[in-house]
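Examining the three-dimensional arrangement
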Amino acid sequence: MNRAYLDKLFTVVLAGVLAGLALAAAALPAALVFGLGVKNLMPYTALPEALRSPQPAQRSNLYANDGRTLITSFYVEDRVDVPVGEVAPVMRDAIVAAEDVRFYEHHGVDVRGVARAFTANRREGTRQGASTLTMQYVRNALAGDPRLTEEQRAAATEITVGRKIREMRYALTLERQVGKDEILGRYLNIAYFGAGAYGIAAASKRYFSTTPDRLTLAQAALLAGLVRSPADDPINGDADAARQRRAYVLDRMVETGRASAADAEAAKATELALKPNTTPNDCAAVPADHNDWGFFCDWFTQWWNAQPAFGENVDERQRTLRRGGWKIVSSLDPDVQAKASEQVREIYPETIARAAPTAVVQPGTGRVLAMAVNRTYGTAANPAGQQNYPNTVNQLVAGGGGITGYQAGSTFKLFALLAALEAGLPLDTEFDAPRVYVTQYPVGAGPASCGGRWCPENANTYWMDGDRDMWDAFGRSVNTYFAWLTERVGADRVVEMAQRLGIVFRAPADARMAREGAGSWGPFTLGVSATTPLDLAGAYAAVAAEGTWCRPTPVASITDPAGRKVAAGDTDCRQVLDTEVARAAADASRCPVGDQSMYRRCDGGTAEELAPGLRRPVAGKTGSSERNATETVVAFTPQLSVATIAANPDDPRDAVGGGVQKRQIAAVGRILAWSLRDEPVRDFVPPGQAVAFQRTSPRTGN
């Protein structure tokens, strides 16, 4: 059925309405007919949710932790609603003059307009509409309601008489329930102005880099003219046509007394004076001079896609993000991010295939302040065989999307330390650590196999072998001590401890071993499982926070368009360790980085140069995987946790070598020093005598 036929059919229906009006006119005053006729003749109808509680698609904005610095936006329609009172009166006058001069006189359906359209449409070759501004709003609101299905939205704009009659009935009902100014405001917020701008706020920004309350007469007339013909937008379309539409609106404003002839002529003579401004959309559109924000932004979308509060599946959650008008204040600290990115490039420049993904996490909240890596965030082509160098959008810092992570070596000894302390062993648990220790754990052939049993050896016999306790075994990273300790408490407890502190097994082989063979996974203690800097920083942050583990989050707060906070933006924290156990682990963790434990028991560390440069209490651990394929440094204070891993994401056979660890230690120290420069110096709370020196029953209480 073609449109011309439908138009003719519509005139027949309108003729019936007009006939009723004519009969009424014979007995009633004309004012009653033309003012109230349709209002009384057409029955009211219940309004759909889209009109009772409109939720037009609005863009969501992602900000840095100051709530002002825009990282990027997410939208299918670039729209942000504004109250009608924040729209310049001249803009309100212009849209009424352009679209519905009798807006403030009719009751939703304009009888005079209907009659005029009926008469004009009977002439050969002409076609006029009779939609009031209210009717246009009804159509747009139904077509754009994100709560409706695609079929329901399509039905709102189908070219049928039924749709037109339904539109009239909704318009009449709406005007009984909502004031004229409110309807005008809704219309201005939902209308399309061309060039990708939906709503008056987006249009003001898109064309003139201004806000709706500052629009001039010439600007308002131009925007009002674009509603009827958005394809004529002067940015991408026909500037002359846009000027003609502007002139038409100005003439209508003069005719209706909404502008003086002199002001209208002056506005017609005004240059368009466009100041185009685009709104970024998605992570690829982060500011060019802050390309490093892209990796954080990407992780934010991963986080959002995992939140059931925003939909039943990823597709629904993405629709919610891109249509929901959320204000998302992220955890990203631009200052800390800048320093982390600078220091990462001191470890490895962007011109090298090896990477140094780094994460900065706040203990006690899990908020991620920075995610840095020596890569360009983008999809530009890479050399053959290089998926992640020099350009990538893969999540090298947090994992996921095919990135399983990297071996973190001896940093996993923390989990054996915690499991032992929780089992009731004190910090001064001694063992005469040999150069090689043959364990009960079965392994296949390899350099750490002795007759089919796992038998790790110490990296430095002179410095590591001999009588050790937890303090100096952790400080000097004595492999055989922790192999023995794992046997005493059980490898399954060590694996469970890592999971409790947020270590995720993304590699299928690791996940299977953790699920089915944790009790025999002795080598786990030495960091053979793949992990990420973010997981690692979060795990050590739990020790810094005295046993409170917080799920790493990219969000500080989320508010809906009405300004209401949503619970999905809250932190997710839980006490996972006995406080004394966490304090004891923090005390031992001071040894590797050159600090001193509360009981003065530190005697050597693998990163002793870190503490003197920081000049505040600090703890941490280093780790080297087999053949120095990867190198890891973690350091924390009560206020901040930083983890960095040096690896080649595209070629695990490319061993980074032990030399890079010195640069990692220096970089982590500078990140901490810079990030905490204005923060008070806080010390760790010392562990009690019992957890330090007495064997007890399991310490599982708080």
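Everything numeric in this text was worked out from a predicted model, so none of it was measured. The numbers attached to residues start from 1 for each chain and follow its sequence in the written order. Selection of residues for local features in this predicted model requires a pLDDT of at least 70, selection of side-chain atom pairs for listing and counting requires 80 or more, and totals for whole chains, interfaces and linings are taken over all residues. As a rule here, side-chain values come from all non-hydrogen atoms in the structure, and water together with hydrogens is ignored.

Below, the discussion takes up the overall build of the protein chain. Of the regular secondary structure elements, the protein chain holds 27 helices and 19 strands. We take the radius of gyration over the C-alpha atoms and set the globule estimate at 2.2 Å times the residue count to the 0.38 power. Whereas a compact globule of 702 residues would reach a radius of gyration of roughly 27 Å, the protein chain reaches 34 Å, over 25% beyond that. Relative accessible area decides the class of each residue, using a 1.4 Å probe on protein chains only: under 20% of the type maximum gives buried, over 50% gives exposed, and in between gives partly exposed. Here the protein chain holds 702 residues, and the buried ones make up 55% of them. In this analysis, two residues are considered to be in contact whenever any of their non-hydrogen atoms come within 4.5 Å of each other. The contacts in the protein chain between residues at least 6 apart in sequence include a share of 72% that link residues at least 24 apart. By element, 49% of the accessible surface of the protein chain is carried by carbon and sulfur atoms, the whole surface being about 28,500 Å². Each helix is a run of DSSP H or I of at least 4 residues and each strand a run of E of at least 2, with the numbering of both proceeding from the N terminus. All accessibility values rest on the Shrake-Rupley procedure with a 1.4 Å probe; residue burial counts only the protein chains present in the view.

Burial along strand S1 (residues 60-63) is two-sided: the face carrying Ser 60 and Leu 62 and the face carrying Asn 61 and Tyr 63 are both buried. Here a strand pair is declared whenever DSSP counts at least two bridges between the two strands. Direction of pairing for S1 relative to strand S2 (residues 70-74): antiparallel, over a ladder of four bridges. Across the sheet, residue Asn 61 finds its bridge partner in S2, namely Ser 73. With three bridges joining them, S1 and strand S3 (residues 327-330) adopt parallel strand pairing. Among the inter-strand pairings, Leu 62 is bridged to a residue of S3, identified as Ile 328.

Within strand S15 (residues 555-559), four of the five residues are buried, leaving the element largely enclosed by the surrounding structure. In the sheet, S3 pairs with S15 via four bridges, with the strands oriented antiparallel. Counterpart to Ser 330 in the pairing with S15 is Val 555.

Of note, the bond from Tyr 389 into Pro 390 is cis; its omega dihedral lies within 30 degrees of zero at -5 degrees. With phi around 50 degrees, Ser 209 is a residue other than glycine that occupies positive phi space. Tracing the sequence through the fold places Ser 209 in the loop between helix H10 (200-208) and helix H11 (217-228). Even without being glycine, Asp 282 reaches a positive phi, approximately 80 degrees. Tracing the backbone shows Asp 282 in the loop between helix H13 (261-269) and helix H14 (293-305). A residue is classified by how much of its surface remains accessible, and Asp 282, at 26% relative accessible area, is partly exposed.

A pair of cysteine sulfur atoms is labelled a disulfide when the two atoms are within 2.5 Å. The tally for this structure, following the rule as stated, stands at four disulfides. Note on cysteine connectivity: Cys 283 is disulfide-linked to Cys 297, with sulfurs 2.1 Å apart. Of note, the bridge from Cys 283 to Cys 297 carries an S-S torsion of about -80 degrees and is left-handed in sense. Of this pair, Cys 283 sits in the loop between H13 and H14 while Cys 297 sits in helix H14, and the two are 14 residues apart along the sequence. Overall, Cys 297 belongs to the buried group, its relative accessible area being 0%. Paired by a disulfide, Cys 550 and Cys 573 hold their sulfur atoms 2.1 Å apart. Residues Cys 550 and Cys 573 are joined through a disulfide that is right-handed, its torsion about the S-S bond being 110 degrees. Separated by 23 residues along the polypeptide, Cys 550 in strand S14 (residues 548-550) and Cys 573 in strand S16 (residues 573-575) bring together distant segments of the chain. In the protein chain, the cysteines engaged in disulfides, taken in order along the sequence, are linked 1-2, 3-4, 5-6, 7-8.

Here we have four strands laid out as an open sheet, ordered S2-S1-S3-S15, and mixed in their pairing. What marks the edges here is a single partner per strand, and that holds for S2 and S15. When the angles between neighbouring strand axes are averaged without regard to direction, this sheet yields 15 degrees. On top of the sheet, H14 reaches S1, S2, S3 and S15; it is set at about 45 degrees to S2, its chief contact. Axis definition: a line fit to C-alpha positions, over the contact stretch in the case of helices; interaxial angles, taken between N-to-C directions, run 0 to 180 degrees.

This part is about the sheet that holds strand S18 (residues 631-636). Overall, antiparallel pairing links the five strands, which are arranged S5-S4-S19-S18-S17 in an open sheet. The two strands at the open ends of the sheet, each matched to only one other strand, are strand S5 (368-372) and strand S17 (619-624). Averaged over all pairs of adjacent strands, the angle between their axes in this sheet comes to 5 degrees, without regard to strand direction. Here strand S4 (residues 358-361) runs beside strand S19 (residues 641-646); their pairing, made up of four bridges, is antiparallel. When the sheet's bridge partners are listed, Ala 359 is paired in S19 with Ala 643. Lying over the sheet, helix H16 (residues 334-347) contacts S4, S5 and S19, oriented at roughly 30 degrees with respect to S5.

Remember that the coordinates give geometry; whether it matters functionally is a separate question.
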